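Summary of structural features
In case you want the letters, here they are:
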Amino acid sequence: MNDHGEFDPIFSLATDESNRYVYSASSDATVKKRYASNGSVIWTMNDHSSRVYSVAVDQANGYIYTVGNDFTVKKRYASNGTVIWTMNDHSGYPRAVAVDESNGYVYSGADYPSQNVKKRYASNGSVIWTSTEHSDDLNSLEVDETNEYIYSSSEDGTVKKR
C-alpha cells in the first residue's frame, strides 16, 4: 500500500463505519480512498496545494473533511472525493479536523500563529466560534461519543475540553 511515495509520509487515516474503506491524508498533497480489505486505491484527489495533515469521516451523511498546509479546510463527497466547499480562514496551517455528525458541525484546529479551534456548520463551512486556549501548535481534535464535547491536544502539553 505504499502508493504515496517512499518519502511521502501519511499523516492521518480514517475509516468508514463498516470498515470497508480507509481514507489517507499525505505529505504528497493527496487524499486517497481505498478498499480496507486489500488496499486498492478507489480514487485520489490532489486539490490541496501542499501537505494534507488530517482526514475525518462523516459516517452518517457520506462526507469526508480534509485540512492541509495550504491553509484550507475542505468538505468532500466520500463517494468520489469531489470538493463541496473550501474554507481558508485559519492564519496558521490547519493540522486537525473532527466531525460531530449528529449535530452538523465540523471542527478544525491550526498551528502557529493562530493556535485555534474553529467550530463550523458542516453544511456551508461558516464559523460559529473560535477558541484560542492553546499556547502552542494544535495537533489533534476528537469529538466524544455523545457529540457533547470536543477535545484538542497541543504541543504545549495540554488537552482542552470544550
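One can find the structure itself at the top, above this paragraph.
These notes cover the structure that comes with them. (Residues numbered from 1 in each chain as written. Predicted model: local features only at pLDDT ≥ 70, side-chain atom pairs only at ≥ 80, totals over all residues. Heavy atoms only, no water.)

1. Brief notes about the sheet that holds strand β13 (residues 138-143)
Strand order across the open sheet formed by three strands is β13-β14-β15, with antiparallel pairing between neighbours. Of all strands in the sheet, those with a lone pairing partner are β13 and β15 (159-161), marking the two edges. Taken over all neighbouring pairs, the strand axes of this sheet differ in orientation by 20° on average, direction set aside. For β13 and strand β14 (residues 150-154), the ladder comprises five bridges, and the chain directions are antiparallel. For Leu141, the partnering residue across the bridge sits in β14 and is Ser152. (Pairing = 2+ DSSP bridges. Helix = DSSP H or I, 4+ residues; strand = E, 2+ residues; numbered from the N terminus. Axes fitted to C-alpha atoms, helices over the stretch in contact; angles between N-to-C directions.)

2. Regarding the nonpolar core
With twelve residues, the main nonpolar core is built from Ala14, Tyr21, Tyr23, Ala25, Val31, Trp43, Met45, Val52, Val55, Val57, Ile64 and Ala78. Of all the secondary structure elements, the ones that give two or more residues to this core are β2 (21-26), β4 (41-45) and β5 (52-58). Val52 has contacts with Phe11, Ala25, Ser26, Ala29, Thr30, Val31, Thr66, Val67 and Gly68, leaving out every residue within four places of it along the chain. (Core = buried A, V, L, I, M, F, W, Y, C linked by side-chain atoms within 4.5 Å. Buried < 20%, exposed > 50% of the residue type's maximum accessible area, 1.4 Å probe, protein only. Contact = heavy atoms within 4.5 Å.)

3. Here's the deal with the pattern of salt bridges
Evaluated as defined, the whole model comprises four salt bridges. With a shortest N-O distance of 3.5 Å, Asp111 and Arg95 are connected by a salt bridge. Residue Asp111 is found in the loop between β10 (105-110) and β11 (117-121), and its partner Arg95 is found in strand β9 (residues 94-100); the two are separated by 16 residues along the sequence. Arg162 is paired through a salt bridge with Glu133; the nearest N and O atoms lie 3.6 Å apart. Pair noted here: Arg162 is in the segment after β15 and Glu133 is in the loop between β12 (127-131) and β13, with a separation of 29 residues, a long-range link. (Salt bridge = Lys/Arg side-chain N within 4 Å of Asp/Glu carboxyl O.)

4. So, the environment of Glu155
For Glu155, the location among the structural elements is in the loop between β14 and β15. When its relative accessible area of 44% is taken as the criterion, Glu155 is described as partly exposed. In this structure, the C-alpha to C-alpha distance between Glu155 and Asp111, residues 44 residues apart in sequence, is 9.3 Å. Sequence-distant contacts of Glu155, that is, excluding residues within four places in its chain, are made with Arg95, Asp136, Asp137 and Asn139.

5. Concerning the packing of aromatic side chains
Each aromatic ring pair is specified by the distance between its two centres and by the angle formed by the two planes. Applying the stated criterion to the full structure yields eight aromatic pairs. Between Tyr23 and Trp43, the aromatic rings sit 6.2 Å apart at their centres with planes inclined by 50°, giving tilted as the arrangement. Taken together, the residues Tyr23 in strand β2 and Trp43 in strand β4 connect sequence positions 20 residues apart. The exposure classification of Tyr23 matches that of Trp43, with both residues buried. Here Phe71 and Tyr93 contribute two aromatic rings whose centre-to-centre distance is 4.8 Å and whose plane-to-plane angle is 45°, an arrangement assigned as tilted. Of this pair, Phe71 sits in the loop between β6 (63-68) and β7 (73-77) while Tyr93 sits in the loop between β8 (83-87) and β9, and the two are 22 residues apart along the sequence. (Phe/Tyr/Trp six-rings, centres within 6.5 Å; stacked < 30°, edge-to-face > 60°.)

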